[in-house]
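Below are the chains, spelled out letter by letter.
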Amino acid sequence: DDPKSYHHATLRPFFEKALAEVEAFAHMDDEAFVERVQIVACLATAGPVDSIKNKVFMTNLGERGQVIDGAEIERSQDGLLKAVVRCKLVNDFVGQGYGALDLDLDSEVVELMP
């Protein structure tokens, strides 16, 4: 294995935790889930994202860094990742910006300096 290649199976615990929060999916085993559900994923990653190639080189993963490849995740046939039909990588600051747009200004935001 290339020490710089990212093994997408490390995403499995993340998917399991996220999907456990959805009551409709809680009773499904992996096989039933993959047959019935399609996932469109947007992963906010720390590092410069090549938006044309949909890849990011993450210097903070492992001794030599690792590449995360959105197309490789889409092609994956590894367990729950079979359900991922689209995987878009964005920089983590972009992800934070989009997340901020969804905040309820009356109940989820505290003004620190008027």
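Just above, that's the structure.
Residues numbered from 1 in each chain as written. Predicted model: local features only at pLDDT ≥ 70, side-chain atom pairs only at ≥ 80, totals over all residues. Heavy atoms only, no water.

### A look at the pattern of salt bridges
Short version of the rule: We define a salt bridge as a contact between a side-chain nitrogen of Lys or Arg and a carboxyl oxygen of Asp or Glu at a distance within 4 Å. A run of DSSP states H or I qualifies as a helix once it reaches four residues; a run of E qualifies as a strand once it reaches two. Both are numbered from the N-terminal end. Only protein chains enter the calculation, and the probe is 1.4 Å; a residue is then buried if its accessible area is under 20% of its type maximum, exposed if over 50%, and partly exposed in between.
Counted by the stated rule, this structure contains two salt bridges. Across the pair Asp69 and Lys55 runs a salt bridge whose closest N-O atoms are separated by 3.7 Å. With Asp69 in strand S4 (residues 66-69) and Lys55 in strand S3 (residues 55-58), the pair connects residues that are 14 residues apart, well separated along the chain. With relative accessibility at 12%, the residue Asp69 sits in the buried group.

### Some remarks on the side chain of Thr45
Worth spelling out the cut-off: Should any heavy atoms of two residues lie within 4.5 Å, those residues are counted as being in contact.
Mapping Thr45 onto the fold places it in strand S1 (residues 39-45). The class of Thr45 is buried, set by a relative accessible area of 4%. Among residues more than four places away in sequence, those in contact with Thr45 are Val56, Met58, Ile68, Leu89, Val90, Asn91 and Asp92.

### A word on unusual backbone geometry
At Asn54, a position not held by glycine, the phi torsion is positive, near 55 degrees. Note that Asn54 resides in the loop between strand S2 (49-50) and S3.

### Overview of a nonpolar patch on the surface
This is how the line gets drawn: Residues enter a patch when their relative accessible area is above 30% and they make no salt bridge; the linking distance is 9 Å between like charges and 5 Å between nonpolar side chains (Val, Leu, Ile, Met, Phe, Trp, Tyr). Per-residue accessibility takes into account occlusion by the displayed protein chains alone, with areas from the Shrake-Rupley method and a 1.4 Å probe.
On the surface, Val94, Tyr98 and Leu101 cluster together into a nonpolar patch covering about 360 Å² of accessible area. Tyr98 sits in the exposed class, given a relative accessible area of 61%.

### Observations concerning the nonpolar core
Going by this rule: Here, the term nonpolar core denotes a set of buried Ala, Val, Leu, Ile, Met, Phe, Trp, Tyr and Cys residues that are joined through side-chain atoms within 4.5 Å.
Core analysis: the biggest nonpolar cluster contains 19 residues, and Phe15, Phe33, Ile39, Val84 and Cys87 have the highest contact counts within it. Mapped onto this core, the elements with two or more residues apiece are helix H1 (12-20), helix H3 (30-36), S1, S3 and strand S5 (84-91). Setting aside residues no more than four positions away along its own chain, Cys87 makes contact with Ala41, Leu43, Asn54, Gly70, Ile73 and Glu74.

### Quick look at the pairing of S1
We count it as follows: When DSSP locates at least two bridges between a pair of strands, those strands are taken to pair.
Alternating positions in S1 separate cleanly, Ile39, Ala41, Leu43 and Thr45 being buried on one face and Val40, Cys42 and Ala44 remaining unburied on the opposite face. Bridge count between S1 and S5: seven bridges; the pairing is parallel. Bridge assignment links Ala44 to a residue of S5, and that residue is Val90.

### Here's the deal with the state of the cysteines
Such a bond, covalent and formed between the sulfur atoms of two cysteines, is termed a disulfide. Where we set the bar: Note on terminology: disulfide denotes any pair of cysteine sulfur atoms within 2.5 Å.
A complete count under the given rule lists zero disulfides for this structure. Just so you know, Cys42 is unpaired, no disulfide at all, and the nearest cysteine sulfur is the one on Cys87, 8.0 Å from it. Given the relative accessible area of 53%, Cys42 is considered exposed. Since its relative accessible area comes to 0%, Cys87 is described here as buried.

### What about the sheet that holds S4?
Ordered in space as S2-S3-S4, the three strands form an open sheet in which the pairing is antiparallel. Both outer strands of the open sheet, S2 and S4, are each paired with one neighbouring strand and no more. Here S2 runs beside S3; their pairing, made up of two bridges, is antiparallel. For Val49, the partnering residue across the bridge sits in S3 and is Val56.

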